[in-house]
Amino acid sequence: RRGYFGLSVSSYLTPSAISLVCYFKPEYSGSGNKAVMAMTDYTQHEKLPFQEGYGKVNGQATILVTLWDEHLQTALDLNVGVGQLLHLQNMLCKLNKNNTIELRMNGFRPGRGYQITEPIRVLDHKDPIAKDLRM
């Protein structure tokens, strides 16, 4: 099985990821509204930050995902929270200033990228699409 942690990373759109929410926190500021999530598919990767403690899978198997604009609103409307499985689509995967992988779901801008009608879906743990997730 190849999780998104198994991809080589520069800066590109990754089509989708299925992950477990370990942490979810909306943030509201003058620079824009966003939600920061820690998520895992339990795949260890050297380009993930070492994590341990509350809300994280120990080791290098937790990735930060930032939701902006309408993606934040969608997550709030879906009542996204810790312990849920999410199917996320149309994410930007890049290396941050600490040289570790992060994912972002930026807001849709006409003329830039493409809009997906259902970029965030909450999955049941028994959903066949999540069968490869090691929990």
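Provided above is the structure to which this section pertains.
Residues numbered from 1 in each chain as written. Predicted model: local features only at pLDDT ≥ 70, side-chain atom pairs only at ≥ 80, totals over all residues. Heavy atoms only, no water.

Trainee: I'd love a proper account of the overall build of the chain, names of residues and values included.
Mentor: Scanning the chain for helices and strands turns up one helix and six strands. Taking all contacts inside the chain whose residues are at least 6 apart in sequence as the whole, residues at least 24 apart take part in 66%. Carbon and sulfur atoms make up 49% of the accessible area of the chain, which totals about 7600 Å². (Helix = DSSP H or I, 4+ residues; strand = E, 2+ residues; numbered from the N terminus. Contact = heavy atoms within 4.5 Å. Areas by Shrake-Rupley, 256 points an atom, 1.4 Å probe, with all protein chains shown as cover.)

Trainee: Lay out the environment of Asp124 in plain terms, naming residues and giving numbers.
Mentor: As for its placement among the helices and strands, Asp124 is situated in the segment after β6 (120-123). Separated by 40 residues in sequence, Asp124 and Gln84 have C-alpha atoms that sit 8.0 Å apart. At 2.7 Å, the side chain of Asp124 forms a polar contact with the backbone nitrogen of Lys126. (Polar contact = N/O pair within 3.5 Å; in protein donor to acceptor, adjacent residues only side chain to side chain.)

Trainee: Break down the nonpolar core for me, citing the residues and quoting the values.
Mentor: Burial of nonpolar side chains together is a common tendency in soluble globular proteins. Membership of the largest hydrophobic core comes to 21 residues, with the highest contact counts inside it found for Phe24, Met37, Met39, Val65, Leu67, Leu86 and Leu88. Within the residue set of this core, elements represented by two or more residues are β1 (11-27), β2 (34-40), β3 (63-68), α1 (70-77), β4 (85-95) and β5 (101-105). Looking at which element gives the most residues to this core, the answer is β4, with four residues. Among all residues touching Val65, those that are not within four sequence positions of it are Ala35, Val36, Met37, Met39, Leu88 and Leu103. Judged by nonpolar contacts, the second largest core, of five residues, contains Ile18, Leu20, Leu85 and Leu123. (Core = buried A, V, L, I, M, F, W, Y, C linked by side-chain atoms within 4.5 Å. Buried < 20%, exposed > 50% of the residue type's maximum accessible area, 1.4 Å probe, protein only.)

Trainee: Let's hear about the environment of Thr62: which residues, and what values?
Mentor: Among the secondary structure elements, Thr62 is positioned in the loop between β2 and β3. Using a relative accessible area of 2% as the deciding quantity, one classes Thr62 as buried. Taking the C-alpha atoms as reference points, Thr62 and Thr40, separated by 22 residues in sequence, lie 4.8 Å from one another.

Trainee: Provide a residue-level description of the pairing of β4, including the pertinent values.
Mentor: Sheet topology places β4 next to β6; four bridges connect them, and they run antiparallel. Residue pairing across strands places Leu85 opposite Leu123, the latter belonging to β6. Of the strand pairs in this sheet, β4 and β5 are connected by four bridges, and their pairing is antiparallel. Following the sheet pairing, Leu95 is matched in β5 by Ile101. (Pairing = 2+ DSSP bridges.)

Trainee: Account for α1, with residues named and values stated.
Mentor: Residues His71, Leu72 and Ala75 constitute the buried set of α1. Buried positions in α1, seen along its axis, are confined to an arc of 105° and lie on one side of it. One or two residues past the end of α1 sits Asn79, with phi positive at roughly 55°. (Arc of directions from axis to C-beta.)

Trainee: Give a detailed account of the environment of Pro49, specifying residues and quantitative values.
Mentor: Mapped onto the fold, Pro49 is located in the loop between β2 and β3. Overall, the relative accessible area of 21% leaves Pro49 in the partly exposed class. For the pair formed by Pro49 and Ile63, sequence separation is 14 residues and the distance between their alpha carbons is 7.7 Å.

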